[in-house]
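This is what each chain is made of:
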Amino acid sequence: MNHKIRPMIRVRNLSKTYVVGEEKAEALKGISLDIFQGEICCIFGTSGSGKSTLLNLLAGMERPTSGEVWIRGRRISQMNEEELAVFRQKYIGFIFQSYHLFPFMTAVENTAMPLMFQGVPRKKREEIAVQMLKKVGLSHRLMHYPWQMSGGQQQRAGIARAFASRPEVIFADEPTGNLDSKTTKEIMEMITGFARGYHQTIVMVTHDPEMEQYAHRVIRLVDGVIVGNERRFQGKKEET
Ligand code: ADP
Ligand code: MG
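Analysis parameters
- Residues numbered from 1 in each chain as written.
- Chains lettered and ligands numbered in written order.
- Predicted model: local features only at pLDDT ≥ 70, side-chain atom pairs only at ≥ 80, totals over all residues.
- Heavy atoms only, no water.
- Helix = DSSP H or I, 4+ residues; strand = E, 2+ residues; numbered from the N terminus.
- Buried < 20%, exposed > 50% of the residue type's maximum accessible area, 1.4 Å probe, protein only.
- Contact = heavy atoms within 4.5 Å.
- Pairing = 2+ DSSP bridges.
- Core = buried A, V, L, I, M, F, W, Y, C linked by side-chain atoms within 4.5 Å.

Draft legend 1. Highlighting the environment of Val 218. Mapped onto the secondary structure, Val 218 falls in strand β9 (residues 217-222). A residue is classified by how much of its surface remains accessible, and Val 218, at 0% relative accessible area, is buried. Separated by 11 residues in sequence, Val 218 and His 207 place their C-alpha atoms 12 Å apart. The contacts of Val 218, once residues within four sequence positions are left out, are Cys 42, Phe 44, Glu 212, Gly 228, Asn 229, Glu 230 and Arg 232.

In structure tokens form, the structure reads like this:
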């Protein structure tokens with residue numbers, strides 16, 4: 001297979017059913033999709049449609065009930081915990097709605113964290129972290145702890161952390177869900193700008209309809225099923 005046209009993310013018949021007591025929730029019902037390198041892919045859907053479940057399965061944070069996920073040609077749905085952890089550290093970044101910064105670490109320490117797992121020496125990783133924090137506009141908050149920063153600032157640190165190790169794929173689950181509209185625009189432009197600059201693949205869950213203008217692919221979920229998958233080229237739609 002030609003490496004250039006091989007999808008970065010390949011999903012086949014992916015299902016996830018949660019069982020809580022007697023209740024069953026079919027969060028995903030047999031989803032298939034391909035996402036290619038360098039694509040900015042947005043996932044839209046109402047609350048409960050399965051967006052977070054899909055992202056968590058793609059990022060290897062949860063196991064599917066059935067079906068398969070490949071990332072860069074590796075079948076992550078078959079990896080054991082240790083292989084998955086190594087794979088995630090090497091290739092995947094994640095941006096959370098509620099930031100998930102470590103409360104007892106400064107902005108620099110939080111940002112440098114993923115580089116530690118990659119074996120980058122302390123001095124070098126702090127250098128990279130400071131550079132990243134400058135790029136996200138936090139040069140005046142380097143030694144601040146999360147509780148000393150606004151939501152927007154915490155998310156900037158979250159972005160610095162996700163991009164610090166230049167992972168090939170970044171997942172973002174409603175990254176601006178807790179932010180005002182001005183900050184949302186700044187954060188979205190930051191994420192998409194980095195992704196384009198480094199030719200990274202982004203899969204983002206969002207409620208922000210403005211994101212459609214940045215997206216190369218728009219996926220719509222309803223009740224655990226994909227009801228729309230449009231590839232966009234210079235503002236025009238092409239159905240795939
Ligand atoms: P979204 O992110 O689109 O709001 P989710 O993926 O979080 O949706 O949830 C999809 C469905 O799966 C919902 O019905 C939700 O209640 C259910 N669900 C999600 N996570 C769990 C869980 N850990 N245990 C049980 N049910 C869950
Ligand atoms: Mg969600």
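Draft legend 2. Focus on the sheet that holds strand β4 (residues 66-71). Reading across from one edge, β2-β1-β4-β5 is the order of the 4 strands in this open sheet, with antiparallel pairing throughout. If you trace the sheet from one side to the other, it starts and ends with β2 (23-35) and β5 (74-75), each paired once. Summarising the sheet, β4 and β5 pair through 2 bridges and their orientation is antiparallel. Residue pairing across strands places Ile 71 opposite Arg 74, the latter belonging to β5.

Draft legend 3. Quick look at the environment of Val 11. As for its placement among the helices and strands, Val 11 is situated in strand β1 (residues 9-20). Separated by 21 residues in sequence, Val 11 and Ser 32 have C-alpha atoms that sit 4.9 Å apart. When sequence neighbours within four positions are dropped, the list of residues in contact with Val 11 reads Ile 31, Ser 32, Leu 33, Asp 34, Leu 58 and Glu 68.

Draft legend 4. Spotlight on the nonpolar core. If you look at the biggest cluster of nonpolar residues, it comprises 40 residues, and the most contacted ones within it are Ile 95, Leu 133, Val 136, Ile 159, Phe 163, Ile 191 and Ile 202. Breaking this core down by element, the ones donating at least two residues are β3 (40-44), α3 (107-117), α4 (122-135), α5 (151-164), β7 (169-173), α6 (181-198) and β8 (201-205). For Phe 163, the residues in contact, after removing those within four places along its chain, are Ile 95, Met 132, Ile 170, Ile 191, Phe 194, Ala 195, Gln 200 and Ile 202. Counting 31 residues, the second-largest nonpolar core is a separate cluster that includes Met 8, Leu 14, Ile 31 and Ile 92.

Draft legend 5. View of unusual backbone geometry. The phi torsion at Arg 166 lies on the positive side, around 50°, for a residue other than glycine. You can see Arg 166 is positioned in the loop between α5 and β7. Of note in the backbone geometry, Glu 174 takes a positive phi value of approximately 45° without being a glycine. You can see Glu 174 is positioned in the loop between β7 and α6.

Honestly, it's all geometry; don't read function into it.
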